[in-house]
2 protein chains.
Amino acid sequence: MHRHDGHDACWTDAGDMLARAEATCRERGLQFTPLRREVLEAVAGSGKAQGAYDIAERLSAPGKRVAPVSVYRALDFLMEQGLVHRIASRNAFIPCAHEHAPGEGVIFLICRSCGAVDEASSADVEGGLGRTLERAGFTPTRSILEVEGDCGLCRGQGGAP
Amino acid sequence: MHRHDGHDACWTDAGDMLARAEATCRERGLQFTPLRREVLEAVAGSGKAQGAYDIAERLSAPGKRVAPVSVYRALDFLMEQGLVHRIASRNAFIPCAHEHAPGEGVIFLICRSCGAVDEASSADVEGGLGRTLERAGFTPTRSILEVEGDCGLCRGQGGAP
DNA sequence: GCGGGTTTGTTACAGTGTATCACCGCCAGC
DNA sequence: GCTGGCGGTGATACACTGTAACAAACCCGC
């Protein structure tokens, strides 16, 4: 399981992630274009989940506007490649913190104080969910599990920094 | 656990639900106003999850417009009372199909063919999730668990009706 | 009746996401 | 070299989702 080691060092190194993204795309014969790289950097640049419009604003500069629609396209691509996750309860995006086994479920732990999003996984939860779905006669294709609360660091500090 | 017994009879009787809503509000000293009743009926009237704007449109008639903002307020109230659930992955709302034990987690099973949303709960999943969160040092306040897939009926029929 | 709280109506607006078309760059094939 | 296709990007417009702010109506106890 992935654990916080500090509010600003929550994610794996940005360099690692970019290298992994590049490798993944090359391997699959897909283009890791400058825009896609910048969007991934922007998503990873903050410890928090980023909205598409936040990303667009962050990438825009006087004389170089990045439209939200471009950001959405890049995000769609990055999500398809499993490099970025979408947080449905926030309409926001986070970089994928690690490689997932194919089909492995992810649990998002969203801190309501500092806004950081941690990823966890649990065979325990998955097993229980699988059994529950089977009992219900339901064949899953995708599942979303998001938990809001207080991360250990924030609780220790008694609130947001 | 709640089970489908047909595409059009998925929910508990609308009458039951309205009676329950009325009782809940009376018991808590809250008003079950005509608007709130209509919104609850509209949410329950279709087997599918309804968007707020769909509900507004459905409640509007020539000469009597119901604005989305009013629907949102009614939905907020109904959600606070636990009479309606929000499906984060769809930005849509469904009636609560049964009484939940306080603090009990709910699993939403969303059929991608027929759009019906079933509710399930599982002590198994909750236990596993609780242990996982504890290991992560995370204190939960709210959790969302939504599974998309094919319900038994649709899979049996090989698709949407 | 009056004051105060709650509910609803109305308008305006912010935020989120998609459709559509045009343009560019690249590369295979002639 | 030219051309035609294809994926990526830019740009505009638009639909959908949700909230803020204020006014009017309503209800209830005094």
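Looking up chain A in an unreviewed UniProt entry gives the name Fur family transcriptional regulator, zinc uptake regulator, with the organism given as Methylobacterium phyllostachyos.

### Some thoughts on the packing of helix H2 (residues 34-45) of chain A against helix H4 (residues 68-80) of chain A
Residue and element names in this part refer to chain A. Contact geometry of H2 with H4 gives a least axis separation of 9 Å together with a crossing angle of 85°. Viewed along their axes, H2 and H4 adopt a mutual orientation that is roughly perpendicular. For the pair H2 and H4, contact is made by Leu35, Arg36, Val39, Leu40 and Val43 and by Ser70, Val71, Ala74, Leu75, Phe77 and Leu78, respectively. Among the residues forming the contact of H2 with H4, the class breakdown is 9 nonpolar, 1 polar and 1 charged.

### Overview of the nonpolar core
Residues A:Ile107, A:Leu109, A:Val147, B:Ile107, B:Leu109 and B:Val147 are the most contacted members of the largest nonpolar core, which totals 30 residues. Those elements giving two or more residues to this core turn out to be strand E3 (107-111), helix H5 (123-136) and strand E5 (139-150) of chain A together with strand E3 (107-111), helix H5 (123-136) and strand E5 (139-150) of chain B. Excluding its chain neighbours within four sequence positions, the residues that come into contact with A:Ile107 are A:Asp118, A:Glu119, A:Ala120, A:Ser122, A:Val125, A:Leu145, A:Val147, B:Leu129 and B:Thr132.

### Observations concerning the side chain of B:Ser46
Residues and elements named next belong to chain B. Tracing the sequence through the fold places serine 46 in the loop between helix H2 (34-45) and helix H3 (52-59). By relative accessible area, serine 46 is classed as buried at 13%. Among the polar contacts listed, one links the side chain of serine 46 to the backbone nitrogen of lysine 48, at a separation of 2.9 Å. At a separation of 3.1 Å, a polar atom in the side chain of serine 46 contacts the side chain of glutamine 50.

Reading the values: the criteria
- The residue count restarts for each chain, going from 1 along the sequence in the order it is written.
- All chains are assigned letters beginning at A, and all ligands numbers beginning at 1, according to the order in which they are written.
- For a predicted model such as this one, the threshold for reporting local features is a pLDDT of at least 70, and the threshold for listing and counting side-chain atom pairs is 80 or more; totals across whole chains, interfaces and linings nevertheless cover every residue.
- With hydrogens and water set aside, each side-chain value is computed from the structure's full complement of heavy atoms.
- To obtain an axis, a line is fitted to C-alpha atoms, over the contacting stretch when the element is a helix, and the angle between two such axes runs from 0 to 180 degrees between their N-to-C directions.
- Secondary structure elements are defined from DSSP: runs of H or I of at least 4 residues count as helices, runs of E of at least 2 residues count as strands, and each element is numbered from the N terminus.
- If an angle is under 35 degrees, it is roughly parallel; if it is over 145, roughly antiparallel; if it lies from 65 to 115, roughly perpendicular; otherwise it is oblique.
- In what follows, residue pairs with any heavy atoms lying within 4.5 Å of each other are defined as contacts.
- Throughout this entry, Asp, Glu, Lys and Arg are counted as charged residues, while Ala, Val, Leu, Ile, Met, Phe, Trp, Tyr, Cys and Pro are counted as nonpolar. The remaining residues, Gly among them, count as polar.
- We call a set of buried Ala, Val, Leu, Ile, Met, Phe, Trp, Tyr and Cys residues a nonpolar core when their side-chain atoms join them within 4.5 Å.
- Think of it in three bands: with a 1.4 Å probe and only protein chains considered, a residue is buried below 20% of the maximum accessible area for its type, exposed above 50%, and partly exposed in between.
- Pairs of N or O atoms within 3.5 Å make up the polar contacts considered here, provided that, within protein, one atom can donate a hydrogen while the other can accept it, and that residues adjacent in sequence are counted only when both atoms are side-chain atoms.

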